[in-house]
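An overview of the molecular structure
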Amino acid sequence: MEASPSRRGTDLTIEGLAVAYGRTRVLHEVSLAVQAGEFVALLGPSGCGKTTLLRAIAGFVQPSAGRILAGGRDITTAPPEKRGAAMVFQSYALWPHMSVAKTIGYGLSVRGWDKARIAARVEDMLRLLRLEGLGARLPAQLSGGQRQRVAMGRALAVDPEILLLDEPMSNLDARVREGVRHELRALQQALGITAIHVTHDREEAMILADRIVVLEEGRIAQAGPPEELWHRPANAYVADFLGATNRLTVSDGVVMFRPEEARVLAAGATLDGPVFEGTVAHCAYAGGRWRAAIRLGAEEVLVDVPERIAPGVAVRLGIPAAAAHRFPDMPASSQRHRDYAEAG
Ligand SMILES: Nc1ncnc2c1ncn2[C@@H]1O[C@H](COP(=O)(O)OP(=O)(O)OP(=O)(O)O)[C@@H](O)[C@H]1O
């Protein structure tokens with residue numbers, strides 16, 4: 001779906017942004033240009049600074065250096081309500097005793113709108129977010145997905161130019177999340193709003209974003225469209241975080257690849273890409289395929305295979321050239337984050 005001509009997003013420029021909590025520097029010289037109507041996902045493991053960057057854009061955290069511009073206007077020191085941005089929190093931050101309608105209209109009453117205008121706007125929001133008839137309910141009387149939509153409604157009601165989303169789906173179960181992702185993307189495109197979405201879930205980032213910004217310890221490791229990051233990760237950290245969690249040492253560095261992109265070669269078969277000799281350590285059914293752990297000297301990798309291979313069998317492991325990501329070496333930090341990336 002194309003953004004509508006009535007797009008109301010604005011571009012956002014972040015220049016050399018640094019943020020510290022006390023003496024701990026959390027963001028280092030982050031620069032990023034977001035186009036009007038663009039959906040950007042900030043992706044990275046816990047603690048890399050995603051939320052801090054979002055909060056700096058929202059105005060809840062003051063940077064120690066750098067500038068933030070929205071539509072060319074310097075908003076670095078502007079108060080949160082003067083930035084044209086609205087934030088949806090991970091916890092939704094809904095007030096337990098406030099009805100859906102009151103919650104959605106809250107920002108408007110703060111801005112001094114009269115009751116009739118607020119009521120009309122709230123009705124629009126309820127319709128837009130498929131919450132019709134639920135205006136009188138309290139948060140406890142809603143499903144997780146409905147609560148999430150109420151939080152969206154409260155943010156969108158004030159007609160922001162920039163929507164800031166801090167892991168807004170992390171409290172939804174996996175099946176609900178699937179649907180909500182597509183709804184969110186459709187809504188953002190229909191409104192033409194600029195969106196910045198924090199997540200540690202790479203699939204979520206892939207599905208939602210025009211561009212993914214991978215953060216590593218307060219710095220941008222790579223920024224680009226999902227397919228570019230997937231096929232051409234800039235470094236070992238990005239490759240690992242985007243699923244190329246297998247790593248084999250070669251003479252000039254490492255080769256990294258995804259379990260589903262490598263294959264066990266039949267006798268005599270050739271392949272355009274690196275080939276390794278190994279032994280199957282174990283093999284487990286993973287639903288529709290088998291996942292073999294293959295040992296190559298001191299290293300072990302996981303590879304998806306169509307049929308079970310018995311432990312102890314010698315195999316030739318081939319990685320198609322396009323799936324073999326080569327890097328000089330892998331920083332220790334990427335190893336630390338591996339478990340998290342897989343869990344996410
Ligand atoms: N108010 C604060 N005071 C001190 N340190 C903080 C504060 N908020 C965050 N930090 C620290 O700053 C670093 C970055 O935190 P941030 O919340 O931005 O990370 P994140 O990438 O969003 O992580 P998560 O996915 O866990 O939310 C972490 O090391 C965190 O402990």
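Provided above is the structure to which this section pertains.
Notes on the structure in this doc start here. Worth saying up front: this structure is predicted, and the values here are computed from it rather than measured.

Let's shift gears to the environment of glutamate 217. Within the fold, glutamate 217 resides in the loop between strand S9 (211–216) and strand S10 (219–224). Separated by 169 residues in the primary sequence, glutamate 217 and cysteine 48 place their C-alpha atoms 4.4 Å from one another.

Residues Ala85 and Met87 of strand S6 (residues 85–88) are buried on one face, and the alternating residues Ala86 and Val88, pointing to the opposite face, are buried as well. Sheet topology places S6 next to strand S7 (residues 162–166); 4 bridges connect them, and they run parallel. Its bridge partner lying in S7, methionine 87 is registered against leucine 164.

What follows concerns the layout of surface pockets. Computed from the structure, the largest pocket encloses a volume of approximately 510 Å³. As for the largest pocket, its lining consists of 18 residues, of which Phe60, Ala85, Ala86, Met87 and Arg111 are closest to the centre. Among the elements of the structure, S6, helix H2 (100–110) and helix H4 (144–157) are those that each provide at least two residues to the lining of the largest pocket.

Two elements in contact, H4 and helix H5 (residues 174–191), have axes whose closest approach is 11 Å; the angle formed by their N-to-C orientations is 20 degrees. Between H4 and H5, the angle is such that the two are roughly parallel. Every pair of crossing elements has a handedness; the one defined by H4 and H5 is right-handed. Of the residues in H5, those touching H4 at Gly145, Gln148, Arg149, Met152 and Leu156 are Val176, Val180, Glu183, Leu184, Leu187 and Leu191.

On to a nonpolar patch on the surface, then. A cluster of nonpolar side chains, Trp95, Tyr106 and Val110, forms an exposed patch at the surface whose accessible area comes to about 290 Å². With respect to the element layout, tyrosine 106 can be found in helix H2.

In the vicinity of the ligand, the residues found are Tyr21, Val26, Pro45, Ser46, Gly47, Cys48, Gly49, Lys50, Thr51, Thr52 and Glu167. Here an oxygen atom of the ligand sits 3.1 Å away from a polar atom, N or O, in the main chain of cysteine 48. Protein contacts shield 55% of the accessible area of the ligand, which totals 640 Å² for the unbound molecule. Here the shell around the ligand takes 3 residues from helix H1 (residues 50–58), the largest share from any one element. In terms of residue class, the shell around the ligand is made up of 4 nonpolar, 5 polar and 2 charged.

On to the pairing of strand S11 (residues 246–250). Bridge count between S11 and strand S12 (residues 253–257): 5 bridges; the pairing is antiparallel. When the bridges of S12 are listed, asparagine 246 appears paired with phenylalanine 257. Turn length for the S11-S12 hairpin, with the two strands adjacent in sequence and antiparallel, is 2 residues.

What counts, and at which threshold
- Residues numbered from 1 in each chain as written.
- Predicted model: local features only at pLDDT ≥ 70, side-chain atom pairs only at ≥ 80, totals over all residues.
- Heavy atoms only, no water.
- Helix = DSSP H or I, 4+ residues; strand = E, 2+ residues; numbered from the N terminus.
- Buried < 20%, exposed > 50% of the residue type's maximum accessible area, 1.4 Å probe, protein only.
- Pairing = 2+ DSSP bridges.
- 1 Å grid on protein atoms, 1.4 Å probe; cavity = no way out; pocket = protein on both sides within 12 Å on 5 of 7 lines; lining within 4 Å.
- Points joined across faces, edges and corners; volume = space filled by probe spheres on them.
- Axes fitted to C-alpha atoms, helices over the stretch in contact; angles between N-to-C directions.
- Parallel < 35°, antiparallel > 145°, perpendicular 65-115°, else oblique.
- Left-handed = near helix turned anticlockwise from the far one by under 90°.
- Contact = heavy atoms within 4.5 Å.
- Patch = residues over 30% accessible without salt bridge, like charges linked within 9 Å, V, L, I, M, F, W, Y side chains within 5 Å.
- Areas by Shrake-Rupley, 256 points an atom, 1.4 Å probe, with all protein chains shown as cover.
- Salt bridge = Lys/Arg side-chain N within 4 Å of Asp/Glu carboxyl O.
- Near = heavy atom within 4 Å.
- Polar contact = N/O pair within 3.5 Å; in protein donor to acceptor, adjacent residues only side chain to side chain.
- Nonpolar A, V, L, I, M, F, W, Y, C, P; charged D, E, K, R; others polar.

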